[in-house]
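Chain by chain, the residues run as shown.
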Amino acid sequence: MKLSNKILSQALVQLCLDKGINHIVISPGSRNAPLTIGFGENPNFKCFSIVDERCAAFFAMGMAQQLKKPVAVVCTSGSALLNYYPAIAEAYYSDIPLVVLSADRPSKFIDIGDGQTIRQENVFDKHILYSANCKEGEEYQVSNETEINIALNTAIELNGPVHVNIPFSEPLYQTTDQSLVSPQNVLPRRPESLNESLLPYAEKWNSSKKKMILVGVLPPNSLEEKMIEELAKDESVLVLTETTSNLDHSNFICAIDQLIAPLNEAEFKKLQPEILLTFGGLVVSKKIKAFLRSFPPKEHWHVDAKKANDTYFVLSKHFKITINDFFKSFLPNIVAVSSEYQKDWLQVKQHRLQRHKEYEKEIPYSDFMVFSNIFENFPNPVQLQLSNSATIRYAQLFDIPDSAEVFCNRGTSGIDGSTSTAIGAAYASSLTTVFITGDLSFFYDSNALWNNHIPRSFKIIVINNGGGGIFRILPGNKDSEHFDTYFETKHNLTAEHLSKMYGLSYSSIREDKNLKIGIQNFFNYSDGPALLEIFTPSTVNDKVLIDYFKFIS
Ligand SMILES: Cc1ncc(C[n+]2csc(CCOP(=O)(O)OP(=O)(O)O)c2C)c(N)n1
């Protein structure tokens, strides 16, 4: 096997292997040749070649999201590295282990007028868990290996992005068959357990008749079934989940906005919990955030082994422990409290569902109708990837099959990498992946399709409402030229030519009468990756959605 003759390359490749990091996404360049040779020539790595670094990093993140272990990206020096930043920020806020490996010039060549050179050390400082700045030279090898160990272990232990910057001087392409280093693999630490009694909290919990549990982004199967059942049967506990929580039960509220959008002041007071327990990542629903900030609980406890956001400005306790470990200790200490809290709100939920069904029968062709038809005809089982922003918000209003595994880049809610993430996730999952996206997000990240690893079963639905549909739903004057140009960003683009260029089967729907059959045919198509573009009328969509929230009251 050929190895790069650079000792830094050899050490890094060996340490990645030792730590089980074996998916490597490489973008082309010369300065990174020692890494490309090191990973690419070694059959223990699965390497991917993606030209656009922004897409490469989101693709890697999508894989890491599914594999639940670090995936590495490798790039050359200069602005190439900066194109990783959107995915790094997303990984930082979504707790996804992304390992960034950048080649650099040795420090004496920085800022002296050399080409393709920028200041790479600590360049992601504000959104990275660790930056290892390696130095070239045998005298630095021990400290470099220590730094690399810390960086890779941090990604594993804390589930987040890390950066290793590696200077190489020329010549860059020389190889050897000799292993020149034997770096020591320092093992990652195991997560700490909580050394505090939960009894005082259980006592508070047991003396309250109104407890709300709100769950944010959560990977599928995160919570054991018996724990879900236990929470669901307690009348004093109301569990609110989102589509991205991947947590469903008939006693849970799984469409938060549908429940709370029509509420008045008195009803909000009735809903106001005494204790709020949260877990999972970021919450999509703006309405629940506004509610809990205006009607705050007395206590807000958050369970997460890593961090706790004070989203509602009343955070009183962070249980720094995994959710299963928390509930394993907590549930034996709690008693079911008799209360009307859950029952009352489940009645409201039933009423809303009834009204939702009635509404679906009377609306015109629109985004709302499209989403309704997609989910009514949804394949099963499936991985569902969603883009920002109206897409994820619509998806929250519909009944998606329990078996669907749902993901969305909600760390930074960007529209810049959803397609790339979905393709990475599709590659790493054994399930068929359906990716639903808005048109701006789709065209923004169209380089995502420049990828040789798109699975045959990958399906994209572009809801093309001719611009950023979300801006019609948000407040603001919709009748100005300004709105068309700078907010909605109207366009007449279609995904047809891109589909042809990248070898995707293309179909489209423009009206009501073809909707159901068009969607069914699309889901039944099995000859390769496919894209369905559904055109909807932008000026009808907002009215249908805004009226919905009034209708279901
Ligand atoms: C990188 C980035 N730039 C800008 C935004 C602001 N933004 C949020 S949603 C949105 C429009 C999305 O439009 P589209 O993809 O068509 O989806 P729709 O809202 O119609 O579902 C924009 C520009 C963002 N989230 N991320």
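The structure under discussion appears in the preceding block.
Just so it is clear, the model here is predicted, and its values are computed rather than measured.

Visitor: I'd like to hear about the sheet that holds strand S12 (residues 299–303), residue by residue, with values.
Guide: Strands in a sheet are paired, the pairing made by backbone hydrogen bonds, and the direction either parallel or antiparallel. One open sheet holds the five strands; their spatial order is S10-S9-S11-S12-S13, and the pairing between them is parallel. The open sheet has two edge strands, strand S10 (237–241) and strand S13 (315–319), and neither has a second partner. Each strand axis lies, on average, 20° off the axis of its neighbour in the sheet, ignoring direction. Sheet topology note: the strand S11 (residues 275–279)/S12 ladder contains five bridges and is parallel. Pairing of Leu276 across the sheet is with His300, part of S12. Contacts from helix H11 (residues 286–294) reach strand S9 (211–215), S10 and S11 within the one sheet, and its direction differs from that of S9 by about 145°. Together, S9 and S10 form the strand contacts of helix H13 (residues 341–362), whose direction differs from that of S10 by roughly 40°.

Visitor: I'd love a proper account of the layout of surface pockets, names of residues and values included.
Guide: Put simply, the second largest pocket is a space of about 920 Å³. Along its surface, the second largest pocket is lined by 38 residues, and Asp248, Phe398, Asp399, Ile400 and Asp402 are the ones closest to its centre. Those elements giving two or more residues to the lining of the second largest pocket turn out to be helix H8 (225–232), helix H9 (256–260), H13, helix H14 (367–376) and strand S15 (405–408). The element contributing the most residues to the lining of the second largest pocket is H13, with six residues. Partitioned by chemical class, the residues of the lining of the second largest pocket number 16 nonpolar, 11 polar and 11 charged.

Visitor: Run through the state of the cysteines, naming residues and quoting values.
Guide: Across all of its chains, the model carries zero disulfides by this definition. The thiol sulfur of Cys47 is not disulfide-bonded, and the nearest other cysteine sulfur, from Cys16, lies at 10 Å. Among the residues examined, Cys47 registers a relative accessible area of 25% and is labelled partly exposed. Summary of cysteine pairing: Cys55 is not part of a disulfide, and the nearest cysteine sulfur, belonging to Cys75, is at 14 Å.

Visitor: Go over the packing of H13 against helix H22 (residues 538–551) with me, naming the residues and quoting the values.
Guide: In the contact formed by H13 and H22, the axes pass within 10 Å of each other and the chain directions differ by 145°. Taken as a pair, H13 and H22 cross one another with a handedness that is right-handed. Packed against H13, whose contacting residues are Arg355, His356, Glu358, Tyr359 and Glu362, the element H22 presents Lys543, Val544, Asp547, Tyr548 and Phe551 at the interface.

Visitor: Give me empty space enclosed by the protein: which residues, what numbers.
Guide: Scanning the model with the defined rule gives two cavities of 30 Å³ or more in all. There is about 50 Å³ of room inside the largest cavity. As for the largest cavity, its lining consists of Asp367, Ala390, Tyr394, Asn465, Gly469, Ile470, Arg472, Ile473, Ser538, Asn541 and Asp542. Among the secondary structure elements, those contributing two or more residues to the lining of the largest cavity are helix H15 (390–395), helix H18 (470–473) and H22. Within the lining of the largest cavity, the residues separate by chemical class into four nonpolar, four polar and three charged. The volume enclosed by the second largest cavity comes to roughly 40 Å³. Every residue along the wall of the second largest cavity is listed here: Ile50, Cys55, Phe59, Ser420, Ile423, Asn447, Ala448, Trp450 and Asn451.

Visitor: Give a description of the pairing of S12 that names residues and reports values.
Guide: Two faces belong to every sheet, and in a regular strand the side chains alternate between them. Summarising burial for S12: five of the five residues are buried, a large majority. Neither face of S12 is left uncovered, since the one carrying Glu299, Trp301 and Val303 and the one carrying His300 and His302 both have all their residues buried. For the handedness criterion, the β-α-β arrangement of S11, H11 and S12 is classed as right-handed. Relative to S13, S12 is paired through four bridges, and the arrangement is parallel. Bridge pairing links His300 to Leu315 in S13.

Visitor: How would you explain the environment of Ser294 if you had to name every residue and give the values?
Guide: Position of Ser294 relative to the elements: it lies in helix H11. Exposure remark for Ser294: the relative accessible area of 52% places this residue in the exposed category. Along the sequence, Ser294 and Ile470 sit 176 residues apart, while their C-alpha atoms lie 24 Å from each other.

Visitor: Lay out the side chain of Asn149 in plain terms, naming residues and giving numbers.
Guide: One can find Asn149 in helix H6 (residues 141–158). Among the polar contacts listed, one links the side chain of Asn149 to the side chain of Lys19, at a separation of 2.7 Å. When neighbours within four sequence positions are excluded, Asn149 is seen to be in contact with Leu15, Lys19, Gln184, Asn185 and Val186.

Visitor: Quick one: what's the story with the packing of aromatic side chains, residue by residue and with numbers?
Guide: Tallied over the entire structure, the rule returns 35 aromatic pairs. Arranged with centres 5.0 Å apart and planes meeting at 85°, the rings of Tyr201 and Phe319 form a pair that is edge-to-face. Residue Tyr201 is found in helix H7 (residues 199–206), and its partner Phe319 is found in strand S13; the two are separated by 118 residues along the sequence. Between the aromatic rings of Phe368 and Tyr394, the centroid separation amounts to 6.3 Å while the plane-to-plane angle is 75°, which identifies the pairing as edge-to-face.

Cut-off values and rules
- Residues numbered from 1 in each chain as written.
- Predicted model: local features only at pLDDT ≥ 70, side-chain atom pairs only at ≥ 80, totals over all residues.
- Heavy atoms only, no water.
- Pairing = 2+ DSSP bridges.
- Helix = DSSP H or I, 4+ residues; strand = E, 2+ residues; numbered from the N terminus.
- Axes fitted to C-alpha atoms, helices over the stretch in contact; angles between N-to-C directions.
- Contact = heavy atoms within 4.5 Å.
- 1 Å grid on protein atoms, 1.4 Å probe; cavity = no way out; pocket = protein on both sides within 12 Å on 5 of 7 lines; lining within 4 Å.
- Points joined across faces, edges and corners; volume = space filled by probe spheres on them.
- Nonpolar A, V, L, I, M, F, W, Y, C, P; charged D, E, K, R; others polar.
- Disulfide = S-S within 2.5 Å.
- Buried < 20%, exposed > 50% of the residue type's maximum accessible area, 1.4 Å probe, protein only.
- Left-handed = near helix turned anticlockwise from the far one by under 90°.
- Right-handed = clockwise from strand over helix to strand, strands pointing away.
- Polar contact = N/O pair within 3.5 Å; in protein donor to acceptor, adjacent residues only side chain to side chain.
- Phe/Tyr/Trp six-rings, centres within 6.5 Å; stacked < 30°, edge-to-face > 60°.

On their own, these measurements won't tell you what the molecule is for.
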